[in-house]
Protein chains: 2
Amino acid sequence: MEELTSVHNQHVKNWKKLQTKKYRKQSGEYLLDGWHLVNEALKAGNQINQLIGTEDQLAAHPDLQEQAGATYVVTEEIMKHITDTVTPQGIAAVVDLPDAHRVPEKITGAWLFLDRVQDPGNVGTMVRTADAAGFTGVVVSNRSADIFGPKVVRSMQGSQFHLQLLEGDLKKWIADFKKVGAPVYGTQLNPAAKNFRTVKPGSTFDLIMGNEGQGMDQRLLAQTTANLYIPMRGEAESLNVAVSAGILMFQLNQQLG
Amino acid sequence: MEELTSVHNQHVKNWKKLQTKKYRKQSGEYLLDGWHLVNEALKAGNQINQLIGTEDQLAAHPDLQEQAGATYVVTEEIMKHITDTVTPQGIAAVVDLPDAHRVPEKITGAWLFLDRVQDPGNVGTMVRTADAAGFTGVVVSNRSADIFGPKVVRSMQGSQFHLQLLEGDLKKWIADFKKVGAPVYGTQLNPAAKNFRTVKPGSTFDLIMGNEGQGMDQRLLAQTTANLYIPMRGEAESLNVAVSAGILMFQLNQQLG
């Protein structure tokens, strides 16, 4: 157990650098901030490479250190520095980035694809909602917010441990779904598209949500089985993308109901 | 048309102070930031007390000044200062706070009540979603985020001009709904509550969403017609409150479908 008091310490600098996509890729790790995420990682059988905590928090949970590769006692100032949280809980963990490019052996279950969704909070909230709606996986296109960035991780609230969270080329993924006869539903802010309430898919299907401002890529829209819209009152122009995704996911995946 | 260049100018100080609830109440006004909101206010027939714009933006829309009580040309620095936006569009308007304490003569339509919802983005997103779902009104309890604060106004995207947005004592509002025989649905993170998919209200009803961490007040839960829950996969613990509200509002108010 090492005690660190300076933000200039090399470990602290590296943890801070985990906020950047570049360093996450380079180190193959990302940071979990707070008790909920650390516990979710352990429940899911993840190895904790480095456990970082304030003296109080570590003392309150002595058993946790046995499950970590290394433990570091840090000041509250360091905790704030590495987590970018105003009032951090005083516990964090560095874990391995999962392999987000593996492809499932068999296409089955409900899947959500995200096409260039920019806001980290939206990406994280949609992953969390997909988890709650019983979805099997989420595939995020490469020009979306990075799925292991701090804000996405905070919004996911541990849902990355409950479903398959992948990055990939949506064109290929759509083709794979269609090859096995699974419907692929795009979404469009267009009353001429298909009313979402009229669709009753089986247990294997895919739903695609698009960019906050521009919606889905035209080329992807042309590739789908059908494109859905949510009827709205005339004066309202759109819904938040994460709210739309929630409405659609709970409508399409009714096995839970 | 007055030209202002200093953030120390008294007008600029007052506009900045409109970010606080205290000064909004005192002046009876709030600030709309950006073209979309200014246009929505005008479309809804609102009087613009003060129009604030950069030289470029005002020059591009000369007709707008005729509709404003007074017009001020300001620098981009002032615009950033008063809007707290990183890249403001260069147009803003001061309008009257509507009377948020009036009570409708007759209770009719779908209504959303917010019980101590803290996050301004959540409050604003729920008002926007209620609008899109064809709701008649939203009543916000007094310990929620202030409905005319800058972040709520940004998230509402002008929906305050399309529905009735009120503040009030939810206990009294629930009693009024029950008096006319309209169902009042609470929400609860409790699988023993009523599955939301089994409820088919008529055109007049009320839905209540609670605080992000604690949910709805126990006393309000005891007052409702029924309390609803959204079935979730075991490992997921909850949904974001604005996502839940979207799922419930579009399920309960299907006249739009």
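Conventions adopted
- Residues numbered from 1 in each chain as written.
- Chains lettered and ligands numbered in written order.
- Predicted model: local features only at pLDDT ≥ 70, side-chain atom pairs only at ≥ 80, totals over all residues.
- Heavy atoms only, no water.
- UniProt positions renumbered as here; feature names shortened; annotations may be inferred.
- Axes fitted to C-alpha atoms, helices over the stretch in contact; angles between N-to-C directions.
- Helix = DSSP H or I, 4+ residues; strand = E, 2+ residues; numbered from the N terminus.
- Parallel < 35°, antiparallel > 145°, perpendicular 65-115°, else oblique.
- Left-handed = near helix turned anticlockwise from the far one by under 90°.
- Contact = heavy atoms within 4.5 Å.
- Nonpolar A, V, L, I, M, F, W, Y, C, P; charged D, E, K, R; others polar.
- Least-squares fit on C-alpha atoms with pLDDT ≥ 70 in both.
- Core = buried A, V, L, I, M, F, W, Y, C linked by side-chain atoms within 4.5 Å.
- Buried < 20%, exposed > 50% of the residue type's maximum accessible area, 1.4 Å probe, protein only.
- Buried area = accessible area lost by both parts, 1.4 Å probe.
- Salt bridge = Lys/Arg side-chain N within 4 Å of Asp/Glu carboxyl O.
- Patch = residues over 30% accessible without salt bridge, like charges linked within 9 Å, V, L, I, M, F, W, Y side chains within 5 Å.
- Areas by Shrake-Rupley, 256 points an atom, 1.4 Å probe, with all protein chains shown as cover.
- Lys, Arg positive; Asp, Glu negative; His and termini not counted.
- Charge placed at Lys NZ, Arg CZ, Asp CG, Glu CD.
- Pairing = 2+ DSSP bridges.
- Phe/Tyr/Trp six-rings, centres within 6.5 Å; stacked < 30°, edge-to-face > 60°.
- Domains from an automatic or database assignment.
- Polar contact = N/O pair within 3.5 Å; in protein donor to acceptor, adjacent residues only side chain to side chain.
- Right-handed = clockwise from strand over helix to strand, strands pointing away.

For chain A, an unreviewed UniProt entry supplies the name RNA methyltransferase, TrmH family and the organism Limosilactobacillus panis DSM 6035. UniProt lists a comment for chain A under the heading Sequence similarities (unreviewed entry), and it reads "Belongs to the class IV-like SAM-binding methyltransferase superfamily. RNA methyltransferase TrmH family."

Asks: Which parts of the structure should I look at to understand the packing of helix α6 (residues 120-132) of chain B against helix α10 (residues 241-252) of chain B?
Replies: When two helices pack together, their arrangement is given by the angle between the helix axes and the distance between those axes. All names here are of chain B. Taken N-terminus to C-terminus, the directions of α6 and α10 make an angle of 15 degrees; their axes are 9 Å apart at the nearest point. Here α6 lies roughly parallel to α10, going by the angle between them. You can see that α6 and α10 cross each other, and the crossing is right-handed. Taken together, the residues of α10 that come into contact with α6 (itself represented by Asn122, Thr125, Met126, Thr129, Ala130 and Ala132) are Val241, Ala242, Ala245, Gly246, Met249 and Phe250. When grouped by side-chain class, the residues that make up the contact of α6 with α10 number eight nonpolar, four polar and no charged.

Asks: Looking at this structure, I do not really get the relation of the copies chain A and chain B. What am I missing?
Replies: Mapping one chain copy onto the other needs a rotation about an axis and a shift along that axis. Mapping chain A onto chain B is achieved by rotating through 180 degrees and translating by 0.0 Å along the same axis, at an RMSD of 0.0 Å. Here the symmetry operator amounts to a two-fold rotation axis. The residues that chain A uses at the interface reappear at the interface of chain B in 100% of cases, marking a shared surface.

Asks: Help me understand the UniProt feature "domain: RNA 2-O ribose methyltransferase substrate binding" (unreviewed entry) in chain A, please; the structure alone is not making it clear to me.
Replies: Residues annotated in UniProt with the feature "domain: RNA 2-O ribose methyltransferase substrate binding" (unreviewed entry) correspond here to residues 31-101 of chain A. Measuring from the first to the last C-alpha atom of residues 31-101 of chain A gives 20 Å, for a span that is 32% helix and 31% strand.

Asks: I'm lost on the nonpolar core in this one. Help?
Replies: A general feature of soluble globular proteins is that nonpolar side chains tend to end up buried together. Formed by 119 residues in total, the largest nonpolar core has its most connected members in A:Leu112 and B:Leu112. Contact partners of B:Leu112, with chain neighbours within four places excluded, come to B:Met126, B:Ala130, B:Phe135, B:Gly137, B:Val138, B:Val139, B:Asp206, B:Leu207, B:Met209 and B:Met249.

Asks: In this structure, what is going on with the interface of chain A and chain B? I would like to understand it.
Replies: Note on interface size: it is often stated as the accessible area lost on association of the parts. On the chain B side, the residues contacting the 32 residues of chain A number 32 residues. Buried surface at the junction of chain A and chain B, both sides included, amounts to about 2800 Å², of which 52% is carbon and sulfur. For chain A, the biggest contributors to the area lost against chain B are A:Arg197, A:Arg233 and A:Phe250; these three give 23% of the whole. Linking chain A with chain B are two salt bridges, by the criterion used here. Split by residue class, the side of chain A that touches chain B holds 13 nonpolar, 12 polar and seven charged.

Asks: How should I be thinking about a negative patch on the surface in this particular structure?
Replies: Together, A:Glu3, A:Glu55, A:Asp56 and A:Glu76 make up a negatively charged patch on the protein surface. Among the secondary structure elements, A:Glu3 is positioned in strand β1 (residues 2-4).

Asks: What's the story with the sheet that holds strand β10 (residues 194-195) of chain A in this structure? I'm lost.
Replies: Two pairing modes exist for strands in a sheet, parallel and antiparallel, and in both the strands are linked by backbone hydrogen bonds. Residues and elements named next belong to chain A. Strands sit in the order β8-β7-β6-β11-β9-β12-β10 across an open sheet of seven strands; the sheet is parallel. The outermost strands of the open sheet, each flanked by one partner alone, are β8 (164-167) and β10. Of the strand pairs in this sheet, strand β6 (residues 110-114) and strand β7 (residues 137-140) are connected by four bridges, and their pairing is parallel. Bridge pairing in β7 places Trp111 opposite Gly137. Against the sheet, helix α6 (residues 120-132) makes contact with β6, β7, β8 and β11 (205-209), and its axis sits at roughly 175 degrees relative to β6, the strand it touches most. Strand contacts of helix α8 (residues 170-179): β6, β7, β8, β9 (184-187) and β11, with the helix running at about 155 degrees to β6, the strand carrying the most contacts.

Asks: Even after reading the chapter, I still don't get the packing of aromatic side chains, so can you show me in this structure?
Replies: The geometry of an aromatic ring pair is captured by two quantities: the separation of the ring centres and the angle between the planes. Using the criterion set out here, one finds 16 aromatic pairs over all chains in the structure. Residues A:Trp111 and A:Trp173 carry aromatic rings whose centres are separated by 5.4 Å and whose planes lie at 35 degrees to one another, so their mutual orientation is tilted. Highlighted residues: A:Trp111 in strand β6 and A:Trp173 in helix α8, separated in sequence by 62 residues. This pair shows no difference in class: A:Trp111 is buried, exactly as A:Trp173 is. Pairing B:Phe135 with B:Phe205 gives two aromatic rings, centres 5.7 Å apart and planes at 85 degrees, and the pair type is edge-to-face. Residue B:Phe135 is located in the loop between α6 and β7 (137-140), and its partner B:Phe205 is located in strand β11 (residues 205-209); the two are separated by 70 residues in the primary sequence. Taking relative accessible area as the criterion, B:Phe135 reaches 0% and is therefore assigned buried.

Asks: What is the right way to read the domain arrangement of chain A from this model?
Replies: Residues and elements named next belong to chain A. Entries for chain A in the domain assignment read domain 1 (2-96) and domain 2 (110-256). On the domain 2 side, the residues contacting the 16 residues of domain 1 number 12 residues. Summed over both partners, the interface of domain 1 with domain 2 buries about 1100 Å², with 55% contributed by carbon and sulfur atoms. At the surface where domain 1 touches domain 2, the tally comes to three salt bridges. In this structure, Arg24 engages Asp146 in a salt bridge whose closest nitrogen and oxygen atoms are separated by 2.6 Å. The interface formed by domain 1 and domain 2 contains five residue pairs in polar contact (both at pLDDT 80 or more). Those elements that provide at least two residues to the side of domain 1 that touches domain 2 are α2 (21-27), β2 (29-33) and α3 (35-43). Looking at which element gives the most residues to the side of domain 1 that touches domain 2, the answer is α3, with four residues. Taken together, the residues of the side of domain 1 that touches domain 2 sort by class into six nonpolar, five polar and five charged.

Asks: Help me out: how do you make sense of the sheet that holds strand β9 (residues 184-187) of chain B in this one?
Replies: All names here are of chain B. Strand order in the open sheet made by the seven strands is β8-β7-β6-β11-β9-β12-β10, with parallel pairing throughout. The outermost strands of the open sheet, each flanked by one partner alone, are β8 (164-167) and β10 (194-195). Examined bridge by bridge, β7 and β8 share four bridges and lie parallel to one another. Among the inter-strand pairings, Val140 is bridged to a residue of β8, identified as Glu167. Contacts between α6 and the sheet are confined to β6 (110-114), β7, β8 and β11, with β6 contributing the most and set at about 175 degrees to the helix. In the packing of helix α8 (residues 170-179) onto the sheet, contacts are made with β6, β7, β8, β9 and β11, and the angle to β6 comes to roughly 155 degrees.

Asks: Just to check I follow, could you spell out the pairing of β7(A) for this structure?
Replies: The two faces of the sheet receive side chains in turn, since in a regular strand these alternate between them. Residue and element names in this part refer to chain A. The alternating pattern of β7 places Gly137 and Val139 on one face and Val138 and Val140 on the opposite face, and all of these are buried. Handedness of the crossover joining β6 and β7 through α6: right-handed. Following the chain from β7 across helix α7 (residues 150-156) to the adjacent parallel β8, one finds a crossover that is right-handed.

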